[in-house]
Amino acid sequence: MHSSDEWARRRRARAEAARKKKIRKLQFLTAAICLLVILTVTAVWLHNGTPNGANPGQNTSAGNQGGLPEGTEQTLPAETEETQPYVEIARASILATGDVLPHGPLVKAGLQGNTYSFDNFFAYIRNYVTQADFSVANLETTLAGDDNGYAYSGYPRFNCPDAMVDALKNAGFDMLLTANNHAYDTDSLGLLRTQEVIADRGLLHLGTTQTADEPHYLVQNINGIKVGMVCYTYGQIDADSGKKSVNGRTISQSVSDQINVFDYDRLDRFYAEMEELMQTMEAQGAEATVLYLHWGNEYKLKANDYQTLIAQKMCDLGVDVIVGGHPHVVEPVELLTSRSDASHRTLCIYSVGNAVSNQRSSNMDMNTGHTEDGVLFSFTFVKYSDGCVYLDDASVLPTWVYLRNNGTSKSYDILPLDKTIPDWKQAFDIGEATLKKAEESYDRTQALVGPGMEDALVYFSQSRMAREQVYHTEENGVG
């Protein structure tokens, strides 16, 4: 993203380039006209020469008084170089949602006979997920299976049926985040098998790798724009041995380098890694960057000092968007300005909350309902024909997990609290009391993300108008 000073500089540069292009066109036309005159004179001389018995220069054709050979049209050659406007050539939208946290009751709700299905959990948000060019969810569990010495379980050591990935794929998600504090709940086997299951379903994953040699990042071509993406989770890294641990569980040395972990007490190491990753992704063609961070304090409604410190540093490094998770509640949105490049902005949502979980207000110490809330956080990059890519827009759609109890079965339905839907009761098949809870969830989330989103949208609008002045002016060849 660029400041008004940067846009002014680029506008002057484009104007100068356009002026030089016009000079080149005039030079080309002058040369073409001179060549045409020479060819015409030569053709006339040949036509009126001695083979026909006439003196050189004598015009013997009564029907050709214009001095050109018969059959010759008086036209100029077409221009080989046109002054073209800089136009939008690509647009890529990315959607991210929060923690898929399959507690025991939630897993049980997916049991249908001898198999599992969680498709209905995501049925109401499927249209939103599929409309985005690229959709991401945080898979906060492992997939160790139930025949490898591990049983399906929820907190404190998550192990979920593979059917959860099937449901996420069916809902339209393209990538799952696998670096979080529960990534090692079923040891090395779970860490690796989780990735195998995701890959087997044709989905991407980010934050963990199958081998230490694999890239710890992804550069994905999304609708014509190359987006570099990285995912990290908080954890501990021993200062002497370098051993990593998450949730107090030491990661085996054999897979220690296969999960992205940062330590709050060793942030310089994290910053150095991120700086190197940013350079590597750029070298591989990344035109925009997104960082997914598992960080912060659980059940806190605002970012802690570490989060704001890290976010600012990532902005300074050039990250375009930060998507946070782990607190299990929604946290605010903030538009940051780089301290090293005032023209660069970073859009940060500190926490996208829970996508789906069993953290109901009735069984939580935090009984405000915030743990039932989440968002569909969307943002859009735009690319122009001069190669520049900008963060153009963003939106936050609140979601609420409705625990639907049909007497003999339960379902954890993620409801999109979309104000363009005229009748939530009818659309979601809910009663008046449930409607009231959904409206309260909407208000809770809006109170948290609204102010930051307003700032961001004002900035995007101003930036868009400034770009229009640069890209659509006479100086750039556009009338």
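Small disclaimer: the values here were computed from a predicted structure and weren't measured. (Residues numbered from 1 in each chain as written. Predicted model: local features only at pLDDT ≥ 70, side-chain atom pairs only at ≥ 80, totals over all residues. Heavy atoms only, no water.)

1. Thoughts on the overall build of the protein chain
And step 1. If you tally the helices and strands in the protein chain, you get nine helices and 19 strands.
And step 2. Pairs at least 24 apart in sequence give 74% of the contacts found in the protein chain among residues at least 6 apart.
And step 3. In the form shown here, the protein chain has an accessible surface area of approximately 22000 Å², with 49% of it arising from carbon and sulfur atoms. (Helix = DSSP H or I, 4+ residues; strand = E, 2+ residues; numbered from the N terminus. Contact = heavy atoms within 4.5 Å. Areas by Shrake-Rupley, 256 points an atom, 1.4 Å probe, with all protein chains shown as cover.)

2. So, the pattern of salt bridges
And step 1. Scanning the entire structure with this criterion turns up 18 salt bridges.
And step 2. Residue Arg157 pairs with Asp187 through a salt bridge whose shortest N-O separation is 3.6 Å. Of the two residues, Arg157 sits in the loop between strand 4 (134-139) and helix 4 (163-170) while Asp187 sits in helix 5 (residues 187-200), which places them 30 residues apart along the sequence.
And step 3. Judged by its relative accessible area of 34%, Arg157 is partly exposed.
And step 4. Of the charged contacts in the structure, one is a salt bridge between Arg360 and Glu372, with a shortest N-O distance of 3.6 Å. A residue pair is termed long-range when its members are at least 10 positions apart, and Arg360 in the loop between strand 16 (354-356) and strand 17 (373-384) and Glu372 in the loop between strand 16 and strand 17 qualify at twelve residues.
And step 5. Exposure remark for Arg360: the relative accessible area of 10% places this residue in the buried category.
And step 6. Each of Glu88, Arg91, Asp392, Arg464 and Arg467 takes part in salt bridges that share partners, so that together they form one network. (Salt bridge = Lys/Arg side-chain N within 4 Å of Asp/Glu carboxyl O. Buried < 20%, exposed > 50% of the residue type's maximum accessible area, 1.4 Å probe, protein only.)

3. Some thoughts on unusual backbone geometry
And step 1. The linkage connecting Tyr155 with the following residue, Pro156, adopts the cis geometry, with an omega of 10°.
And step 2. Phi is positive for His328, close to 65°, though the residue is something other than glycine.
And step 3. Note that His328 resides in the loop between strand 13 (321-325) and strand 14 (330-337).
And step 4. The backbone of Asp429 sits at a positive phi, close to 55°, despite the residue not being glycine.
And step 5. In this structure, Asp429 sits in the loop between helix 8 (424-428) and helix 9 (432-471).

4. Quick word on the environment of Asn170
And step 1. Structurally, the position occupied by Asn170 is in helix 4.
And step 2. Using a relative accessible area of 39% as the deciding quantity, one classes Asn170 as partly exposed.
And step 3. A C-alpha to C-alpha distance of 9.1 Å links Asn170 and Ala123, two positions 47 residues apart in sequence.
And step 4. Not counting chain neighbours up to four residues away, the residues in contact with Asn170 comprise Asp119 and Arg126.

5. Quick look at the nonpolar core
And step 1. Ranked by internal contacts, the top residues of the largest apolar core, which has 49 residues, are Met229, Val290, Tyr292, Val323, Phe377, Phe379 and Phe381.
And step 2. Of all hydrophobic cores here, the second largest spans 33 residues; its members include Val100, Ile125, Ala355 and Val401. (Core = buried A, V, L, I, M, F, W, Y, C linked by side-chain atoms within 4.5 Å.)

6. Considering the pairing of strand 4
And step 1. Most of strand 4 is tucked away, with six of its six residues classed as buried.
And step 2. Across five bridges, strand 1 (residues 88-100) lies against strand 4 in parallel orientation. Bridge pairing in strand 4 links Ile94 to Phe134.
And step 3. Of the pairings in the sheet, the one linking strand 4 to strand 5 (residues 175-177) comprises three bridges and is parallel in character. Paired with Ala137 across the strands is Leu176, a residue of strand 5.
And step 4. Note on the crossover from strand 4 through helix 4 to strand 5: the handedness is right-handed. (Pairing = 2+ DSSP bridges. Right-handed = clockwise from strand over helix to strand, strands pointing away.)

7. Focus: helix 7 (residues 305-317)
And step 1. Spanning 13 residues, helix 7 covers 19 Å between terminal C-alpha atoms, matching the ideal 18 Å at 1.5 Å per step.
And step 2. When helix 7 is considered as a whole, its buried residues turn out to be Gln307, Ile310, Ala311, Gln312, Met314, Cys315 and Asp316.
And step 3. Lining the buried residues of helix 7 we find strand 11 (261-263), helix 6 (267-283), strand 12 (288-294), strand 13, strand 14 and strand 15 (345-352).
And step 4. The N-capping residue of helix 7, defined by a side-chain oxygen 3.0 Å from the backbone nitrogen of Tyr306, is Asn304.
And step 5. One or two positions beyond helix 7, positive phi appears at Gly318, with a value near 105°. (Expected span 1.5 Å × (residues − 1). Polar contact = N/O pair within 3.5 Å; in protein donor to acceptor, adjacent residues only side chain to side chain.)

8. Focus: the environment of Lys436
And step 1. Its place among the elements puts Lys436 in helix 9.
And step 2. Between the C-alpha atom of Lys436 and that of Lys425, which follows or precedes it by eleven residues, the distance is 10.0 Å.
And step 3. Engagement of the side chain of Lys436 in a polar contact is seen with the side chain of Glu440, the distance being 2.5 Å.

9. Topic: the packing of helix 6 against helix 7
And step 1. Direction vectors running N to C along helix 6 and helix 7 enclose 30°, while the axes themselves pass 10 Å from each other. Accordingly, the angle class assigned to the pair helix 6 and helix 7 is roughly parallel. The two elements helix 6 and helix 7 meet at a crossing, and its hand is right-handed. Here helix 6 contributes Leu267, Phe270, Tyr271, Met274, Glu275 and Met278 to the contact with helix 7, which in turn contributes Tyr306, Leu309, Ile310, Lys313, Met314 and Leu317.
And step 2. Along the lines of polarity and charge, the residues of the contact of helix 6 with helix 7 split into ten nonpolar, no polar and two charged. (Axes fitted to C-alpha atoms, helices over the stretch in contact; angles between N-to-C directions. Parallel < 35°, antiparallel > 145°, perpendicular 65-115°, else oblique. Left-handed = near helix turned anticlockwise from the far one by under 90°. Nonpolar A, V, L, I, M, F, W, Y, C, P; charged D, E, K, R; others polar.)

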